[in-house]
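Structural description and commentary
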Amino acid sequence: MKIADYSVTRAILERHGFTFKKSFGQNFLTDTNILQKIVDTAELDKEVNVIEIGPGIGALTEFLAENAAEVMAFEIDDRLVPILADTLRDFDNVTVINEDILKADLQAHIQNFKNPELPIKVVANLPYYITTPILMHLIESKIPFSEFVVMMQKEVADRISAQPNTKAYGSLSIAVQYYMTAKVAFVVPRTVFVPAPNVDSAILKMVRRSEPLVAVKDEDFFFKVARLSFVHRRKTLWNNLTGTFGKSEEVKERLTRALEQADIKPSVRGEALSIADFARLSDALLALGFA
Ligand code: SAM
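Residues numbered from 1 in each chain as written. Predicted model: local features only at pLDDT ≥ 70, side-chain atom pairs only at ≥ 80, totals over all residues. Heavy atoms only, no water.

1. Focus: helix 2 (residues 32-42)
We apply this condition: Relative accessibility decides the category of a residue: with a 1.4 Å probe and only protein chains considered, values under 20% of the type maximum give buried, values over 50% give exposed, and everything between is partly exposed. Helix and strand assignments come from DSSP, with helices taken as H or I runs of at least 4 residues and strands as E runs of at least 2, each series counted from the N terminus. Working note: the arc is built from the helix axis to C-beta atom directions. Throughout, a contact is declared for two residues whenever any of their heavy atoms are within 4.5 Å. Whenever a nitrogen or oxygen atom comes within 3.5 Å of another N or O atom, the pair is scored as a polar contact, on the condition that within protein one atom can donate a hydrogen and the other can accept it, and that pairs from neighbouring residues in sequence are kept only if both atoms are in side chains.
For helix 2, the complete set of buried residues consists of Ile34, Leu35, Ile38, Val39, Thr41 and Ala42. Down the axis of helix 2, the sector holding all buried residues measures 160°, keeping them to one side. Of the surrounding secondary structure, the elements contacted by the buried residues of helix 2 are strand 1 (28-29), helix 3 (59-67), strand 5 (120-125), strand 6 (147-153), strand 7 (180-188) and strand 9 (201-208). The distance from a side-chain oxygen at the start of helix 2 to the backbone nitrogen of Asn33 is 2.9 Å, and the residue carrying that oxygen is Asp31.

The structure is reproduced here in structure tokens:
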């Protein structure tokens, strides 16, 4: 029997008198087939270290510990620490760290892996209320994670993996795809969790690119241009740019030149632009003094 078997999960929750905290996004997986599929998607072996965010009572952690070299699991809820010590007592390759992942000094923690040289993958059933901040925190930590295989709200997984000219495409797609490839591996129905969330979920697999997708002169400005181009999704790029940079004749003249240089029509909408288009646009704007 596994921790994630429904009857085992129920028994653990009862034995420890655990009550769910909605504010921590606590929806525990009770489907061992899905857990096996997550581990298969992550292509784990004993030469890979894993960081897990939010182990809960250890449903996924158990599968990770069986399949990876070592697991470091960050859990914010201190009530879960003694429960995890109980449910994972048979494993000597799991470390539970009772910290908020958004505040954790990951660079320092990963030095504590027994073999810090191994590639690190992030595998997690994320707390949905902070999916995007967690991903950006991990990506921006500059730790060379080789892969993320993470469960999130399906709608967010669709946005991250979206391509231009779709409704889901936006600055989040660009922020992630700049660094990583992103593909929905499979969809998970809400019925396999206790308690059931009110949205469906998806497993998103993101693999770090050896280099960012495009070369840009100033990354922060590139992300800013991507964000501002979607401020009003239904407006043209021109309207979003003048909304941010101003509408004086002098600004409009420089904007026109930048768009010409980048070979982009002012009448397009942000959602029509590829990541390469945004790179050319932000470099041209930068060259004309817009940063
Ligand atoms: N991995 C378990 C499973 O699949 O059954 C639980 C997943 S549950 C969706 C999310 C977990 O993240 C909960 O255990 C919650 O307490 C934890 N959590 C929420 N916010 C967190 C944070 N900022 N840092 C670390 N863990 C967090």
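2. Some words on the packing of aromatic side chains
To keep it simple, the criterion reads: Ring geometry is summarised as follows: Phe, Tyr and Trp rings, the Trp one being its six-membered ring, pair when their centres sit within 6.5 Å, and such pairs are stacked at plane angles under 30 degrees, edge-to-face over 60 and tilted between the two. Charges are assigned to positions over rings by a cutoff of 6 Å between ring centre and Lys NZ or Arg CZ, combined with an angular limit of 35 degrees from the ring normal.
As enumerated under the stated definition, the model contains 12 aromatic pairs in all. Centroid distance Tyr178 to Tyr179: 4.9 Å. Interplanar angle 85°. Geometry classified as edge-to-face. Of the two residues examined, Tyr178 and Tyr179, each falls in the buried class. An angle of 55° between the planes, with centres 5.2 Å apart, marks the rings of Phe222 and Phe223 as tilted. The exposure class assigned to Phe222 is buried, which follows from its relative accessible area of 0%. Since its relative accessible area comes to 14%, Phe223 is described here as buried. Taken together, the ring pairs in this structure connect Tyr178, Tyr179, Phe222 and Phe223 into an aromatic cluster. The cationic tip of Lys37 hangs over the ring face of Phe186; the distance from NZ or CZ to the ring centre is 4.3 Å. Of note, Arg254 hangs over the ring of Phe290, and the distance from its end group to the ring centre comes to 4.4 Å.

3. A few points about the UniProt feature "binding site: S-adenosyl-L-methionine" (unreviewed entry) in the protein chain
Quick note on the threshold: UniProt positions are given in the numbering used here, feature names are shortened, and annotations may be inferred rather than shown by experiment.
According to UniProt, the positions carrying the feature "binding site: S-adenosyl-L-methionine" (unreviewed entry) are Asn27, Leu29, Gly54, Glu75, Asp100 and Asn125. Exposure remark for Leu29: the relative accessible area of 4% places this residue in the buried category. Filtering out sequence-adjacent residues up to four positions away, Leu29 remains in contact with Ala4, Ile34, Leu35, Ile38, Ala59, Asn125, Met151, Val192 and Phe193. Tracing the sequence through the fold places Glu75 in the loop between strand 3 (70-74) and helix 4 (80-87). In this structure Glu75 touches Gly54, Pro55, Gly56, Leu80, Leu84, Ile97, Asn98 and Glu99, once residues within four positions along its chain are discounted. For Glu75, the side chain forms a polar contact with the main-chain nitrogen of Gly56, separated by 3.1 Å.

4. Comments concerning the sheet that holds strand 7
Threshold: Strand pairing follows a simple DSSP-based rule, namely that at least 2 bridges must link the two strands. To obtain each axis, a line is fitted to C-alpha atoms, and for helices this fit is confined to the stretch in contact; angles are then taken between N-to-C directions over 0 to 180 degrees.
What the seven strands build is an open sheet, ordered 4-3-2-5-6-9-7; its pairing is mixed. Unpaired on one side and paired on the other, strand 4 (94-97) and strand 7 mark the two borders of the sheet. With strand direction ignored, the average angle separating the axes of adjacent strands in the sheet is 20°. The pairing of strand 7 with strand 9 spans eight bridges and is antiparallel. Looking at strand 9, one finds that Val187 is bridged to Ala202. Contacting strand 2 (49-53), strand 5, strand 6, strand 7 and strand 9, helix 6 (residues 131-140) crosses the sheet at an angle of about 170° to strand 6.

5. A short note on the site of the ligand
Note the following rule: The cutoff for a nearby residue is simple: one of its non-hydrogen atoms must lie within 4 Å of the molecule or strand. Here the accessible surface of atoms and residues is derived via Shrake-Rupley with a 1.4 Å probe, and residues count as covered only by protein chains that are part of the display. When residue character is reported, Ala, Val, Leu, Ile, Met, Phe, Trp, Tyr, Cys and Pro are called nonpolar, Asp, Glu, Lys and Arg charged, and the others, Gly included, polar.
Around the ligand, a shell composed of 24 residues is seen, among which Leu29, Gly54, Glu75, Asp100 and Asn125 lie nearest. Within the backbone of Leu29, a nitrogen or oxygen atom sits 2.8 Å from an oxygen atom of the ligand. Asp100 places a polar side-chain atom, nitrogen or oxygen, 2.9 Å from a nitrogen atom of the ligand. For the ligand, the protein covers 99% of the area, taking 600 Å² as the surface of the free molecule. For the shell around the ligand, the residue count by class is 13 nonpolar, six polar and five charged.

6. Brief notes about the pattern of salt bridges
To keep it simple, the criterion reads: Whenever a carboxyl oxygen of Asp or Glu lies within 4 Å of a side-chain nitrogen of Lys or Arg, that contact is scored as a salt bridge.
Under the defined criterion, the tally for this structure stands at 15 salt bridges. Two residues, Lys205 and Glu43, come together in a salt bridge whose shortest N-O distance is 2.9 Å. Of this pair, Lys205 sits in strand 9 while Glu43 sits in the loop between helix 2 and strand 2, and the two are 162 residues apart along the sequence. The closest approach of N and O atoms between Arg79 and Asp77, which form a salt bridge, is 2.7 Å. The class of Asp77 is buried, set by a relative accessible area of 1%. Linked through salt bridges whose partners overlap, the residues forming this network are Glu43, Lys121, Glu147 and Lys205.

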